[in-house]
Amino acid sequence: MLPAKKMTEEITHTVKKLPYEKQQEVYDFVAFLKSKTMLETSIKTRNSLDELVGIIDGPADLASRHDEIYD
């Protein structure tokens, strides 16, 4: 496997040799991969935050009674 910098250079060099229409296909695919990666990251983050819900004891209605409880 190539190092990241070399991989980027190889991809750039190869894409530059393609006709414009094929470059557009490569761009569309890369945009798809980026979107997919962002979605996967978002799901992982949400799942890890979901694990925190309910780990601290307190009144069930804390949000609605916050000022009354802590003032």
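Residues numbered from 1 in each chain as written. Predicted model: local features only at pLDDT ≥ 70, side-chain atom pairs only at ≥ 80, totals over all residues. Heavy atoms only, no water.

Draft legend 1. Seen up close, the overall build of the protein. When you go through the protein residue by residue, the secondary structure sums to three helices and zero strands. Ordered by position from N to C terminus, the α and β elements of the protein give α-α-α. A burial count over the protein gives 0% of its 71 residues as buried. On the protein, roughly 6800 Å² of surface is accessible, and the fraction owed to carbon and sulfur atoms is 61%. (Helix = DSSP H or I, 4+ residues; strand = E, 2+ residues; numbered from the N terminus. Buried < 20%, exposed > 50% of the residue type's maximum accessible area, 1.4 Å probe, protein only. Areas by Shrake-Rupley, 256 points an atom, 1.4 Å probe, with all protein chains shown as cover.)

Draft legend 2. Representation of the pattern of salt bridges in the model. Evaluation of the coordinates by the stated rule reveals two salt bridges. With a shortest N-O distance of 3.7 Å, Lys6 and Glu10 are connected by a salt bridge. In this pair, Lys6 and Glu10 both sit in helix H1 (residues 4-16), four residues apart, roughly one turn of the helix. Across the pair Glu25 and Lys22 runs a salt bridge, and its minimum N-O distance is 3.4 Å. On the criterion of helical spacing, the pair formed by Glu25 and Lys22 is a turn pair, its members being three residues apart in helix H2 (residues 20-50). The partly exposed category is assigned to Glu25, whose relative accessible area is 46%. (Salt bridge = Lys/Arg side-chain N within 4 Å of Asp/Glu carboxyl O.)

Draft legend 3. Representation of a nonpolar patch on the surface in the model. A cluster of nonpolar side chains, contributed by Met1, Leu2, Met7 and Ile11, occupies part of the molecular surface with about 450 Å² of accessible area. Along the chain, the position of Met7 falls in helix H1. Note on Met7: relative accessible area 31%, which makes it partly exposed. (Patch = residues over 30% accessible without salt bridge, like charges linked within 9 Å, V, L, I, M, F, W, Y side chains within 5 Å.)

Draft legend 4. Structural context of the confidence of the model for the protein. Summing up the model confidence of the protein, the mean pLDDT is 84 and the portion of residues at 70 or higher is 83%. Model confidence for the protein, summarised as mean pLDDT per element, is weakest for helix H3 (residues 62-70) at 74 and strongest for H1 at 95. (pLDDT = per-residue confidence, 0-100.)

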